[in-house]
Amino acid sequence: MTSTSTSTMLSLASAPPTASLSVHENLKGRLKLGGGSLSFNKEKANHFINTKSFSRISMVAAVKVSRFEGVTMAPPDPILGVSEAFKADNDEKKLNLGVGAYRTEELQPYVLNVVKKAENLMVERGENKEYLPIEGLAAFNKVTAELLFGASNPVIKEQRVATVQGLSGTGSLRLAAALIERYFPGAKVLISSPTWGNHKNIFNDARVPWSEYRYYDPKTVGLDFDGMIADIKAAPEGSFVLLHGCAHNPTGIDPTPEQWEKIADVIQEKNHIPFFDVAYQGFASGSLDADAGSVRLFAARGMELLVAQSYSKNLGLYAERIGAINVVCTSADATARVKSQLKRLARPMYSNPPIHGAKIVANVVGDPTLFNEWKAEMEMMAGRIKNVRQKLYDSLTAKDKSGKDWSFILKQIGMFSFTGLNKAQSDNMTNKWHVYMTKDGRISLAGLSLAKCEYLADAIIDSFHNIS
Ligand code: KET
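Residues numbered from 1 in each chain as written. Predicted model: local features only at pLDDT ≥ 70, side-chain atom pairs only at ≥ 80, totals over all residues. Heavy atoms only, no water.

You'll find the chain entered in an unreviewed UniProt entry as Aspartate aminotransferase, with Lithocarpus litseifolius given as the organism. Of the comments in the UniProt record for the chain, the one headed Function (unreviewed entry) reads "Important for the metabolism of amino acids and Krebs-cycle related organic acids. In plants, it is involved in nitrogen metabolism and in aspects of carbon and energy metabolism." The annotation that UniProt attaches to the chain under Subunit (unreviewed entry) is "Homodimer." (UniProt positions renumbered as here; feature names shortened; annotations may be inferred.)

Asker: Describe the pairing of strand β11 (residues 240-244), with residues and values.
Answerer: Most of β11 is tucked away, with five of its five residues classed as buried. Burial along β11 is two-sided: the residues Phe240, Leu242 and His244 and Val241 and Leu243 are all buried. Pairing analysis gives two bridges linking strand β7 (residues 189-193) to β11, with the strands arranged parallel. Looking at the pairing, leucine 190 lines up with valine 241 of β11. Relative to strand β12 (residues 273-278), β11 is paired through five bridges, and the arrangement is parallel. Pairing of phenylalanine 240 across the sheet is with isoleucine 273, part of β12. Crossover β11 to β12 through helix α10 (residues 257-269) is right-handed. (Buried < 20%, exposed > 50% of the residue type's maximum accessible area, 1.4 Å probe, protein only. Helix = DSSP H or I, 4+ residues; strand = E, 2+ residues; numbered from the N terminus. Pairing = 2+ DSSP bridges. Right-handed = clockwise from strand over helix to strand, strands pointing away.)

Asker: Account for the site of the ligand, with residues named and values stated.
Answerer: Around the ligand sit 17 residues, and of these Ser168, Thr170, Asn249, Asp277 and Ser310 come closest. The side chain of aspartate 277 places a nitrogen or oxygen atom 2.6 Å from a nitrogen atom of the ligand. One of the side-chain nitrogen or oxygen atoms of tyrosine 280 is found 2.6 Å away from an oxygen atom of the ligand. For the ligand, the protein covers 93% of the area, taking 520 Å² as the surface of the free molecule. Take the shell around the ligand: its biggest share by element is three residues, from helix α7 (residues 168-183). (Near = heavy atom within 4 Å. Polar contact = N/O pair within 3.5 Å; in protein donor to acceptor, adjacent residues only side chain to side chain. Areas by Shrake-Rupley, 256 points an atom, 1.4 Å probe, with all protein chains shown as cover.)

Asker: Would you mind going over the sheet that holds β11 in detail, with residue names and values included?
Answerer: An order of β6-β14-β13-β12-β11-β7-β8 is seen for the seven strands of this open sheet, with the pairing classed as mixed. Of all the strands in the sheet, the pair left with one neighbour each is β6 (161-167) and β8 (210-214). Taken pair by pair, the neighbouring strands of this sheet meet at an average axis angle of 25°, ignoring direction. Lying on the sheet, helix α9 (residues 225-234) is in contact with β7, β8 and β11; it crosses β8 at an angle near 145°. Along the sheet face, α10 touches β11 and β12 and points at about 165° away from the line of β11. (Axes fitted to C-alpha atoms, helices over the stretch in contact; angles between N-to-C directions. Contact = heavy atoms within 4.5 Å.)

Below is the structure:
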């Protein structure tokens, strides 16, 4: 999209009189074009006009300018942009702790063995590539809801879950946002402060108003539970409350089961609707059931709720874009209607979802042998992250003589550690130490190896103590 790639023909002859006049009279060197403007060579234009003796302007001026001149450069994405910067760095010591993507101890991407087995099954069966229905693969929708709520959960037995396959967690959240925009106009979504960076983009683009509730307390490096409760209470009745089902991103701090009960109490009191983002089921504790505990606790109260699911992390299906949106309603009848509207929203956006990831999930979760193998692999991945978490803590404690308490690292769970490093300190991590991370001080432990813990500890200690 360079300005020389397109030539815009500006025809004064065909322009209406007012337009040609305004071009002549307002030759100030720039000509307004839509939201942007283009350079206009006043002298050349005047010369051209003056050398013609005409009663009627009949000329065509060629102006080499892009029709997209008014489009400004977007900033790099705060998370995925980090990977782009990492790729451009040629230093051997470089470490990508930006995006939450699992790596092996050798820092290589990991394709789960169960995924390979499921894919082999698909090839053996000669499965086709026909369009899926708008709501996605039926076998996937069944197993994904069962994995989330438990197969014997009344919400499933009573057909009170509208499940629609989505474009992973992000696409599922976006579809739910579109549903909120259409059926709850003006309703607000409350999001935690801080939260996963893309939440705000999703609701902004869907034109759903949002505000923040307190979540992280830098003083205790823990949950600001009282602040959270007070803000949820103070929100307009009937708001949506976005909650991270487990392994809160970016803080790694989750409410306790007792705190979840109290959160459910205020949400019920205020007639709010809980909206869970479950991107790490099985990754927080290593147990799929334990990590779905928060969602099941709310469902057991008979509450209506929304849950977006992702298989990017727990099955390593990042690029397959496989996930789902589940809407739990109080009646099967309302559920069917909600599902029909989710389909109606999806059809003009992307028509229907991709089949490959859906088949993988359906094959793995639906087959007892593969399901057990998956659980073992997930425990292995969660275990490796726990090991580097411990080693990082040990390295920091051994090397840092300042007496700073680093135990918050061990209290956090999931893929990330929220280090408390500010933007300048995070910049130092990248510029001096080639450690790529998000500017909010988050590091992905899934991208760290035991071998690199000491180096990372040196970088953190230097950045923490020498940069303010
Ligand atoms: N919710 C949360 C909380 C989340 O951390 C992610 C991804 C998603 C949803 C969406 O993932 P998807 O691949 O659309 O299913 N987070 C990591 C990657 C990203 O930013 O896209 C991350 O925080 O690094």
